[in-house]
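A look at the structure
The chain contents come next:
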Amino acid sequence: MNIHIGVEGGTTGSKAVVISGDGNVLGYMEGPHTNHWMIGMPECINRLKYLINGAKESAGLPEDFRALTLGLSLSGADSEAVCQRLKEAVLDALPNIAEYVHVNNDAVGSMATASPSGGVVVISGTGSICKLVRSDYSFVRVGGWGYQLGDEGSAYWIAMQGMKALIDYEEGLILPEFSITYVRECVFEHFKINHRSDLLNFFYHNFDKSFIAKLCAKFSEGALIHNDLLCRKLFYDAGFILARHVATVAPLAEPWTLKEEGGLRILCVGQVWKSWSLLKEGFIRGLQPQYPRDIEIREFTLLRLEVTAGLGAALISAKLYDCPIDCNFERNSSAFFHLNLSGPAESDSDSDSGHSSLIMSGANLEEKTTSEEPEVENNLKCIIQNRNNDAILCI
């Protein structure tokens, strides 16, 4: 039977789909994350078995059903050697699972879901990573080194930047550009502490990365609802560094990737992107050439997935086995922002037009009006209008 199985194995959760050759989803299953670096190979395989068998059951297929192909797009599968190890472990546990099995990285599966010609995937949730995915499914990675070595632009990173600004201010080491009052209230309330020294318990005795990252949601609320300038600066900086990830891999993209309709496709995955209006100005600034190796990105489109990347995992394995699945890619993702520096003005589906736009650069802060109203200069205060359609980040 022309039936395929695809698995999206992320770091927070996983999904499996059973799909027919004509593109119809027959079965679906969700489960816990499958990153073998975090849980070990044996537990990873157990969770993959649970997902695959659950998707089969959902499709009305017996547990011993042999699919034509199995595609696995897994977090932590960052090299050919690791992909081969995962493939061998799956086949040891499920020797009759499919005629053909292929393992790749979860970012590759995500991009394959959105576009057959490749692009850039930027994941920003609790952690962050960026990958340029080419049309042959090869990829170039930037970031993704975890909370101790990187994860710039992630929820954890934003939370840490806010806490560091608070500590530096209270110790007199570095004075922030903007008031620290709201950030202090957020930090003390989130951790239920009375003094900054109480933070040590949460980093050296009861460390919980996800709990710390949830502080980012409070900073998002502070920026969007309370117009707190320090919170807005945190997200501006996050947008800038996420864009720098894209700018770093862009010179290595296939030439036509930058010339396609809509320009460079950038697939945005993770909860932090729900605060796009806060990331936007820093992101656009960060894409501008900063170093001699940078190229000019004249046009780009930001996309979000509307379906599981397990579909992309299945599409890849089926294509490599020379039995491609029919797929309408336009239904798999949606564009929420487009900018063409050579053409019409930007198109932003996530924001209202005619509202003020915060532009930050170092210590400079100004309000730039995007409607037809005259620009108002204000050197001491910046009154930022809240956009009604902005989504508050939820981690």
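Before any of the text, the structure's been laid out above.
Attention here is on the structure that accompanies the text. (Residues numbered from 1 in each chain as written. Predicted model: local features only at pLDDT ≥ 70, side-chain atom pairs only at ≥ 80, totals over all residues. Heavy atoms only, no water.)

1. Things to note about the sheet that holds strand β1 (residues 3–9)
Spatially, β3-β2-β1-β4-β5 is the arrangement adopted by the five strands of the open sheet, whose pairing is mixed. Only two strands of the sheet have a single partner each, and these edge strands are β3 (25–31) and β5 (98–105). Averaged over all pairs of adjacent strands, the angle between strand axes in this sheet comes to 15°, irrespective of strand direction. The pairing of β1 with strand β4 (residues 67–74) spans six bridges and is classified as parallel. Looking across to β4, one finds that I5 is bridged to L70. (Pairing = 2+ DSSP bridges. Helix = DSSP H or I, 4+ residues; strand = E, 2+ residues; numbered from the N terminus. Axes fitted to C-alpha atoms, helices over the stretch in contact; angles between N-to-C directions.)

2. Considering unusual backbone geometry
Positioned with a positive phi, N227 is a non-glycine residue whose angle comes to about 55°. Among the secondary structure elements, N227 is positioned in the loop between α10 (215–224) and α11 (229–249). If you check the backbone angles, D322 has positive phi at about 65° while not being a glycine. As for its placement among the helices and strands, D322 is situated in the loop between α13 (310–320) and β11 (333–340).

3. Observations regarding the nonpolar core
By size, the foremost hydrophobic cluster in this structure holds 60 residues, and its most contacted members are V187, F219, F283 and F300. With 10 residues, α11 is the largest single contributor of residues to this core. With sequence-adjacent residues up to four places away left out, F219 is seen in contact with I158, A159, G162, V183, C186, V187, C231, L234 and F235. Among the nonpolar cores identified, the runner-up in size contains 30 residues, and C44, A77, L86 and A89 belong to it. (Core = buried A, V, L, I, M, F, W, Y, C linked by side-chain atoms within 4.5 Å. Buried < 20%, exposed > 50% of the residue type's maximum accessible area, 1.4 Å probe, protein only. Contact = heavy atoms within 4.5 Å.)

4. Quick word on the pattern of salt bridges
Summed over the entire model, instances satisfying the criterion amount to 14 salt bridges. Between R141 and D78 there is a salt bridge, with its nearest N and O atoms 2.9 Å apart. Linking R141 in strand β8 (residues 139–143) with D78 in the loop between β4 and α3 (80–93), this pair joins segments that are 63 residues apart in sequence. Judged by its relative accessible area of 28%, R141 falls in the partly exposed class. Judged by relative accessible area, which is 28%, D78 ranks as partly exposed. Measuring nitrogen to oxygen at the nearest pair gives 2.5 Å for the salt bridge that ties E260 to R265. On the basis of relative accessibility, which here comes to 22%, the residue R265 falls in the partly exposed class. (Salt bridge = Lys/Arg side-chain N within 4 Å of Asp/Glu carboxyl O.)

5. Things to note about the packing of aromatic side chains
Enumeration over the complete set of coordinates arrives at 15 aromatic pairs. Between W276 and F283 the ring centres are 5.6 Å apart and the planes differ by 75°, which places this aromatic pair in the edge-to-face class. Each member of the pair, W276 as well as F283, is classed as buried. Members of the aromatic cluster, joined through ring pairs, are W273, W276, F283, F300, F336 and F337. (Phe/Tyr/Trp six-rings, centres within 6.5 Å; stacked < 30°, edge-to-face > 60°.)

6. Topic: the pairing of β1
Taking burial as the measure, the seven residues of β1 include seven buried ones, the bulk of the element. Residue alternation in β1 divides its side chains into two sets, I3, I5, V7 and G9 and H4, G6 and E8, and both sets are buried. Summarising the sheet, β1 and strand β2 (residues 14–20) pair through seven bridges and their orientation is antiparallel. The residue bridging E8 from the neighbouring strand is K15, located in β2. Connecting β1 to the next strand, β2, in antiparallel fashion are four residues.

So, to be careful, I would describe these as geometric facts and stop short of saying anything about function.
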